[in-house]
Amino acid sequence: MSMEDYDYLFKIVLIGNAGVGKTCLVRRFTQGLFPPGQGATIGVDFMIKTVEIKGEKVKLQIWDTAGQERFRSITQSYYRSANALILTYDITCEDSFRCLPEWLREIEQYANNQVVTILVGNKIDLAEKREVLRQRAEDFAVAQSMLYLETSAKESDNVEKLFLDLACELIREAKQNKLDNSDTAPMPGEGKTISYLSCCSLN
Amino acid sequence: MAAEDLPSEFDVVILGTGLAESVVAAAFSRVGQRVLHVDRRSYYAGDWASFTFNGLLSWIQEQHVSTSLLEEGEELICLSNSDSGSIRNVQVFCFTRWITDCFVTQASQTQGEEPEADRSQSEPAKKKINYAQLVKEGRRFNIDLVSKLMYSRGSLVDLLIKSNVSRYAEFKNITRILTYRHGNVEQVPCSRADVFASRQLSVVEKRKLMRFLTSCMEETEEQRAYKGRPYLEFLSDQQLGDNLQHFLLHSIAMVTEDTPTEEGLASTRHFLHCLGRYGNTPFLFPVYGLGEIPQCFCRMCAVFGGIYCLRHSVSCLLVDKESNRCKAVIDSRGQRISCSHFVVEECYVPANQKKVATPSRFVSRAVLITDSSVLHSDSEQQVSLVTVPPIAAGCPAVRMVELCPSTMTCMPGTYLVHLTCQSVGSAYEDLSPVVTRMFRTPESHDRENCPSVLWCLYFNMADGSGVEVEGHDLPSNVYVFSGPDGGLSHERAVRQAESIFNKVLPDEDFCPPAPNPEDIIYDGDTAASTGGEDEKQEKEGAGGEEKNEEGEAGEEEKKEEGRAGEEEQKEGAGEEIHEKEGAGDLAE
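This structure is a prediction, so every number in the text was calculated from the model and none was measured.

Draft legend 1. A look at the sheet that holds strand 7 (residues 171–173) of chain B. All names here are of chain B. One open sheet holds the 3 strands; their spatial order is 6-10-7, and the pairing between them is antiparallel. Two strands in the sheet have a free side with no partner beyond their single neighbour: strand 6 (150–151) and strand 7. One ladder, built from 3 bridges, connects strand 7 with strand 10 (residues 283–286); its direction is antiparallel. Paired with lysine 172 across the strands is phenylalanine 285, a residue of strand 10.

Draft legend 2. Summary view of the pairing of strand 20 (residues 453–462) of chain B. All names here are of chain B. Among the 10 residues that make up strand 20, 10 are buried, leaving the element largely enclosed by the rest of the structure. Strand direction decides the pairing type here: strand 16 (residues 362–370) and strand 20, joined by 9 bridges, are antiparallel. Note on strand 20: the bridge partner recorded for arginine 365 is phenylalanine 459.

Draft legend 3. Spatial organisation of the packing of aromatic side chains. Scanning the model with the defined rule gives 26 aromatic pairs over all chains in all. Ring geometry for A:Phe29 versus A:Phe163: centroids 4.1 Å apart, planes at 15°, classification stacked. Of this pair, A:Phe29 sits in helix 1 (residues 22–31) while A:Phe163 sits in helix 5 (residues 159–180), and the two are 134 residues apart along the sequence. For A:Phe29, a relative accessible area of 1% corresponds to the buried category. Following the ring pairs from residue to residue traces out a cluster consisting of B:Tyr43, B:Phe51, B:Trp59 and B:Phe459. Here the guanidinium or amino end of A:Lys11 rests over the ring plane of A:Trp63, the centre of that ring lying 4.3 Å away. Lying over the aromatic face of A:Phe29, A:Lys49 brings its terminal NZ or CZ to 4.7 Å of the ring centre.

Draft legend 4. View of the nonpolar core. Counting 178 residues, the largest nonpolar core has A:Leu60, B:Phe28, B:Phe297 and B:Trp455 as its most contacted members. Two domains share this core, each providing at least three of its residues, namely domain 1 (9–64 + 74–83 + 288–358 + 468–511) and domain 2 (191–274) of chain B. Leave out the neighbours within four places in its chain, and B:Phe28 touches B:Val12, B:Ile14, B:Gln33, B:Val35, B:Val343, B:Phe501, B:Val504 and B:Leu505. Within the second largest apolar cluster, 25 residues are counted, among which are B:Val386, B:Val398, B:Val417 and B:Cys456.

Draft legend 5. Here's a closer look at the domain arrangement of chain B. The assigned domain composition of chain B is domain 1 (9–64 + 74–83 + 288–358 + 468–511) and domain 2 (191–274). The straight-line distance from the C-alpha centre of domain 1 of chain B to that of domain 2 of chain B is 40 Å.

Draft legend 6. Representation of helix 6 (residues 155–163) of chain B within the structure. All names here are of chain B. Counting buried positions along helix 6 gives 7 out of 9 residues, so the element sits mostly inside the fold. Within helix 6, the full set of buried residues consists of Ser155, Leu156, Val157, Leu159, Leu160, Ile161 and Ser163. Where helix 6 terminates, the next one or two residues include asparagine 164, which has phi positive at roughly 70°.

Draft legend 7. Main features of the sheet that holds strand 20 of chain B. All names here are of chain B. Pairing is mixed in the open sheet, where 8 strands are placed in the order 4-20-16-19-18-17-8-9. Strands at the two margins of the open sheet, each flanked by one partner only, are strand 4 (87–94) and strand 9 (184–187). Pairs of neighbouring strands in the sheet enclose a mean axial angle of 20°, with direction left out of account. Against the sheet, helix 11 (residues 242–252) makes contact with strand 8 (176–181), strand 9 and strand 17 (384–388), and its axis sits at roughly 115° relative to strand 8, the strand it touches most. Strands in contact with helix 14 (residues 427–438) are strand 4, strand 8, strand 9, strand 16, strand 17, strand 18 (398–403), strand 19 (415–422) and strand 20; relative to strand 20, the strand with the most contacts, it is inclined by about 150°.

Draft legend 8. Representation of the packing of helix 8 (residues 203–215) of chain B against helix 11 of chain B. All names here are of chain B. Following both chains from N to C, one finds helix 8 and helix 11 inclined at 35°, their axes separated by 10 Å at the closest point. By crossing handedness, the relation of helix 8 to helix 11 is classed as right-handed. Side by side, helix 8 and helix 11 meet where Glu205, Lys208, Leu209, Phe212 and Leu213 of the first sit next to Asn243, Leu244 and Leu248 of the second. Grouping the amino acids of the contact of helix 8 with helix 11 by side-chain chemistry returns 5 nonpolar, 1 polar and 2 charged.

Draft legend 9. Region of the structure containing the packing of helix 6 of chain B against helix 13 (residues 292–303) of chain B. Residue and element names in this part refer to chain B. For the pair helix 6 and helix 13, the least separation of the axes is 12 Å and the interaxial angle reads 30°. With respect to each other, helix 6 and helix 13 are oriented roughly parallel. Crossing angle aside, the handedness with which helix 6 passes helix 13 is left-handed. Residues Leu156, Leu159, Leu160 and Ser163 of helix 6 pack against Ile293, Phe297 and Met300 of helix 13.

Draft legend 10. Focus on the environment of B:Glu508. Residue and element names in this part refer to chain B. Within the element layout of this structure, glutamate 508 appears in the loop between helix 15 (491–504) and helix 16 (552–563). Note on glutamate 508: relative accessible area 37%, which makes it partly exposed. The spatial distance from the C-alpha of glutamate 508 to the C-alpha of serine 236 is 48 Å, given a sequence separation of 272 residues. Leaving out residues up to four positions away in the same chain, glutamate 508 has contacts with Val31, Phe501 and Asn502.

Rules used in this analysis
- Each chain carries its own residue numbering, running from 1 in the direction its sequence is written.
- Following the order in which they are written, the chains are lettered starting with A and the ligands numbered starting with 1.
- Totals for whole chains, interfaces and linings use all residues, but because this is a predicted model, local features are given only for residues with pLDDT of at least 70 and pairs of side-chain atoms are given and counted only at 80 or more.
- Calculation of side-chain values draws on the structure's entire complement of heavy atoms; hydrogens and water are dropped beforehand.
- What makes two strands pair is DSSP finding at least two bridges between them.
- Helical segments are the DSSP runs of H or I of at least four residues, strand segments are the runs of E of at least two, and each set is numbered from the N terminus.
- Between buried and exposed lies partly exposed: a residue is buried under 20% and exposed over 50% of the maximum accessible area for its type, with that area taken using a 1.4 Å probe on protein chains only.
- Ring pairs shown here join Phe, Tyr and Trp side chains whose ring centres sit within 6.5 Å, with only the six-membered ring taken for Trp; geometry is labelled stacked below 30 degrees between planes, edge-to-face above 60, and tilted in between.
- Counting as a charge over the ring demands two things of the Lys NZ or Arg CZ atom: a distance within 6 Å of the ring centre and an angle within 35 degrees of the ring normal.
- Put simply, a nonpolar core is a bunch of buried Ala, Val, Leu, Ile, Met, Phe, Trp, Tyr and Cys residues held in one set by side-chain atoms that sit within 4.5 Å of each other.
- Here the bounds of each domain stem from an automatic or database domain assignment.
- Pairs of residues are marked as contacts when any of their non-hydrogen atoms sit within 4.5 Å.
- In this analysis, axes come from line fits to C-alpha atoms, helices being fitted only over the stretch in contact, and the angle between any two N-to-C directions falls in the range 0 to 180 degrees.
- We call a crossing left-handed when the near helix sits turned anticlockwise from the far one by less than a right angle, and right-handed when that turn is clockwise.
- For this scheme, ten residues count as nonpolar: Ala, Val, Leu, Ile, Met, Phe, Trp, Tyr, Cys and Pro. Four count as charged, namely Asp, Glu, Lys and Arg, and the remainder, Gly too, count as polar.
- Roughly parallel means an angle under 35 degrees; roughly antiparallel means over 145; roughly perpendicular covers 65 to 115; every other angle is labelled oblique.

See the structure below:
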């Protein structure tokens, strides 16, 4: 199993209320499964999938909340060094949408300044039960300068697109960062778990 | 968010998210015990927590409530569920304004407990950082309540590697060991390379030091003869000279003048043993601060099914009269939750149930935000341990850790300095003499070459090593953990967790390696997985809930992890390299 044959490695972290379908999104994307076998999530830290974008191999490490969101007890360390956040709500659950500002506060507190955040409205297969209008979510996303996408983990709608779009955005930022060499970026190879600069230096 | 009810049956309920509680939570959960882990606070890690600048200000406010009512000569005994009384004598000083216009008199320093918020905010921002900037950039700070380092071959690092919890954190090396001597800060040469490169040592001293360091690794007749006599005596009989004796006693062994020889030698050996595993000093520090470590263990616990609930507590225990065992707990919402074992942080135990009601010892702590390093060097990004021997007879030895912005614990342009010592008086009494000697403050404004203190905090914290964890009047399946101790290492907390785990589950492995996510095969959905794109899914999942992928790579890794050797960093899978990257890189 050769692990190092990729050009980029990104850490993507999922957040959002319990039951909005975070795990389903990951499992659908990484394994093409729905619904995910519940038992197997025990002991699973993150999932990995390598995708190819414009000839470059991108390894995505996708982290789930391990259930700590159930009682709003996510560790700060969960947000550290994430390159991207997928903030998920359920379009059939107004409450999961109303909690978004709370999640944004956590992001603001603990996540990296440069983190890419995408808002995802999941469960569009349940259109007849929709409680949150698309326009409303889009407006909210724009106001918070997030990307926005609606998905169905069940029907596999937009799931690939979600992760591929994120990967493209992350590559773009990584290239930009290299050019800028901004001082907010972590020191090369120093204490950074997944740094753009270190991908190539792995043996 | 909807207030969901907790499940009502667990194997282990744990109250408090300090390091020892979090380690034991991960250990229980890892071997399949159903764990409920709660903390009444809104943040993780209790007295082990780290805070943003603003978070720290709120924490100070909270402490203020109890400590401000305390008068001279009085003591606080807290009842259960109110604040524990593990913190006292909180004092805050803000000097940003004084620094911006340096001529100002002492009047500008607040001797009270309030930061000088309103006054400093109006200050013109010259080059110096003002209070408003500290607040604005507050989230860049991660200020630990406890100041410790990780010995690179200590039990915490071994446990992080063994359990794979290391994948949740990133580490940096302590880059230099410094000491304060004759009014100056000097670098202590500790590795072979340092010794040879040192400019402050003569050739003769270099030779003597190398000979000593080599010879002390093995126990000799001569050493045995000094058993029970002070290490200082042993050292001075080695004819090492003042320089070397100082380095060896205060910075390498880090003991006092009357520590017995066998103890001094043991800590010298431990220091040397840890050298070179990851770098030129024996220590690592987690990026974002020590408060990350308990959280990492909590994550491991959650990954294996542990349930987490902050802002939640346990109000009573239901004890079976006959067996004197705790059968269930009542949580702060009045729900009955049954459990076979209950683990609790000492501060939650009500005073009347304890053998000794109040902590017998305290640690004095100071936290400074400064504008430069105590010892300039080519690199701005140094992480230093500074040993400060007692500045006068009867004063405690002070340990200082200076963190640079690349540790993600302070904003660019500042350094975060932690001072720690065993309490003799209040934290201010114990530590401010050292601060005014080594830094520029309104009281020491003539020290123009020293770093200026922008903001500082003093407080005392109960010393966990002075806290009784056994012998309380409690049911037999209730286990008590003490809070953080004043020592440099994490040994005590890890040992406590391990010993309680072994008591409860003597036949289970303590924190066996968690499987590498890349090696897990998923089962149960085989029918749906026919279209699996990833080559990994091609393998049909058999039996158990997870399996290591067959094949050489997987097997080899497991063996290496078992031995917890450094080879893991070089030969482990991609993820592992990343986890320990900071350390790994520095090992070069």
